[in-house]
Amino acid sequence: DGVWDINKIKRNSIFVSQGNYPVKGLHILIAALPMIKTKFPNVMVYIAGDKNYLKMNTAYGRFINRRIKKFRVEKNIIFLGYQTAEEIRQRLLESHIMLMPSLIENSPNSVGEAMLLGTPVVAANVGGIPSIMHDGSEGYLYSCMNTGELATKVCRIFQHDNLALRFSRNGRKTADSLYYCENNAEQLLNIYDQL
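Sequence order as written defines residue numbering, which begins from 1 separately in each chain. Given that the model is predicted, a residue must reach a pLDDT of at least 70 before its local features are reported, and side-chain atom pairs must reach 80 or more before they are shown or counted; all residues, however, enter totals for whole chains, interfaces and linings. Derived side-chain values reflect all non-hydrogen atoms in the structure, with water molecules and hydrogen atoms excluded from consideration.

**Here we look at the overall build of the protein chain**
Right, on to step 1. When helices and strands are counted, the protein chain shows eight helices and six strands.
Right, on to step 2. Only DSSP runs of H or I with at least four residues qualify as helices, and only runs of E with at least two residues qualify as strands; both kinds are numbered from the N terminus onward. Moving toward the C terminus, one meets the helices and strands of the protein chain in the order β-α-β-α-β-α-β-α-β-α-β-α-α-α.
Right, on to step 3. The quantity called the radius of gyration is restricted to C-alpha atoms. Its globule counterpart is 2.2 Å times the number of residues to the power 0.38. Against the globule reference of 16 Å for 195 residues, the protein chain gives a C-alpha radius of gyration of 17 Å, in line with a compact fold.
Right, on to step 4. With respect to the three principal axes, the spread of C-alpha positions in the protein chain is 55 × 40 × 30 Å.

**Quick word on a nonpolar patch on the surface**
Right, on to step 1. A surface patch of nonpolar side chains, about 500 Å² in accessible area, is lined by L188, I191, Y192 and L195.
Right, on to step 2. Here Y192 shows up in helix α8 (residues 181-194). A patch consists of residues exposed above 30% relative accessible area that lack any salt bridge, with like charges linked at up to 9 Å and nonpolar side chains (Val, Leu, Ile, Met, Phe, Trp, Tyr) linked at up to 5 Å. The method behind every accessible area is Shrake-Rupley, applied with a 1.4 Å probe, and residues are considered shielded solely by the protein chains displayed. Every case where a carboxyl oxygen of Asp or Glu lies within 4 Å of a side-chain nitrogen of Lys or Arg is listed as a salt bridge.

**Observations regarding the side chain of S168**
Right, on to step 1. Within the secondary structure, S168 sits in helix α7 (residues 161-178).
Right, on to step 2. In contact with S168, not counting residues within four places along its chain, are W4 and G118. Residue contacts are defined here by distance: any two heavy atoms, one from each residue, within 4.5 Å place the two residues in contact.

**Observations concerning the packing of helix α1 (residues 26-39) against helix α2 (residues 59-70)**
Right, on to step 1. Their axes nearest at 10 Å, the elements α1 and α2 cross at an angle of 5°. Between α1 and α2, the interaxial angle falls into the category roughly parallel. Here L26, H27, I30 and A31 of α1 lie close against α2, whose contacting residues are Y60, F63, I64, R67 and I68. Axis lines are fitted to C-alpha atoms, over the contacting stretch for helices. Their N-to-C directions set the angle, which ranges from 0 to 180 degrees. Any angle that falls under 35 degrees is termed roughly parallel, while one over 145 is termed roughly antiparallel, one within 65 to 115 roughly perpendicular, and all others oblique.

**Details of the nonpolar core**
Right, on to step 1. Buried Ala, Val, Leu, Ile, Met, Phe, Trp, Tyr and Cys residues that are joined via side-chain atoms within 4.5 Å together make up what is termed a nonpolar core. Only protein chains enter the calculation, and the probe is 1.4 Å; a residue is then buried if its accessible area is under 20% of its type maximum, exposed if over 50%, and partly exposed in between. Of all hydrophobic cores here, the largest spans 62 residues; its most connected members are I14, L26, I36, I64, I77, F79 and L150.
Right, on to step 2. Excluding its chain neighbours within four sequence positions, the residues that come into contact with I36 are I14, V43, L150, A151, V154, C155 and F158.

**Quick notes on the pattern of salt bridges**
Side chains that differ in sign of charge can pair as their charged atoms come close.
Right, on to step 1. Tallied over the entire structure, the rule returns seven salt bridges.
Right, on to step 2. Between K24 and E105 there is a salt bridge, with the nearest N and O atoms lying 2.6 Å from each other. Taken together, the residues K24 in the loop between β1 (10-16) and α1 and E105 in the loop between β4 (95-100) and α4 (109-117) connect sequence positions 81 residues apart. Residues K24 and E105 agree in their burial class; the two are buried.
Right, on to step 3. Note that K153 is salt-bridged to E149, the shortest N-O span being 3.1 Å. Of this pair, K153 and E149 both sit in helix α6 (residues 147-159), separated by four residues, roughly a single helical turn.
Right, on to step 4. For E149, a relative accessible area of 21% gives the class partly exposed.
Right, on to step 5. One network of salt bridges, in which partners are shared, links K10, R91 and E94.

Here you go:
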């Protein structure tokens, strides 16, 4: 419910749906942030999900805390903690970009949710992500370990409203087709019939 509106967003903001374990790739985003900051010093990253790992002396929590200090991005990251469905929806509507920096993924619901609302997406080109979005059409894909490519593609969307609007429009159109309830129900019934 709702449609992303470029006139109502927090400019240069990035939403990440979770980052509490290594395969979610938060450490890759942190390494890319200084490159983004050279063009957009006010960039803000909002990360949903469990944030207790940062304080519980876990190996990944220590690693993330060290990287945040090393790359001097303490003022550019906010850990939101767990969010309700409504809070996620609102964050997607007000973010400039939804970022999926995962190193391993299936077909992520969070990318589909962003596309349904029209939030421009930048995602690692891994797993099932390219099956729901295509590089340069509904958003940008990047090589999952390539921090320079990640930063370049984020900055390109921040710089070009027409590009963000095209990704928003194409994302909604693709998601409307992918997640259309009646078609999905019919396909599922056909699979059962065939079996």
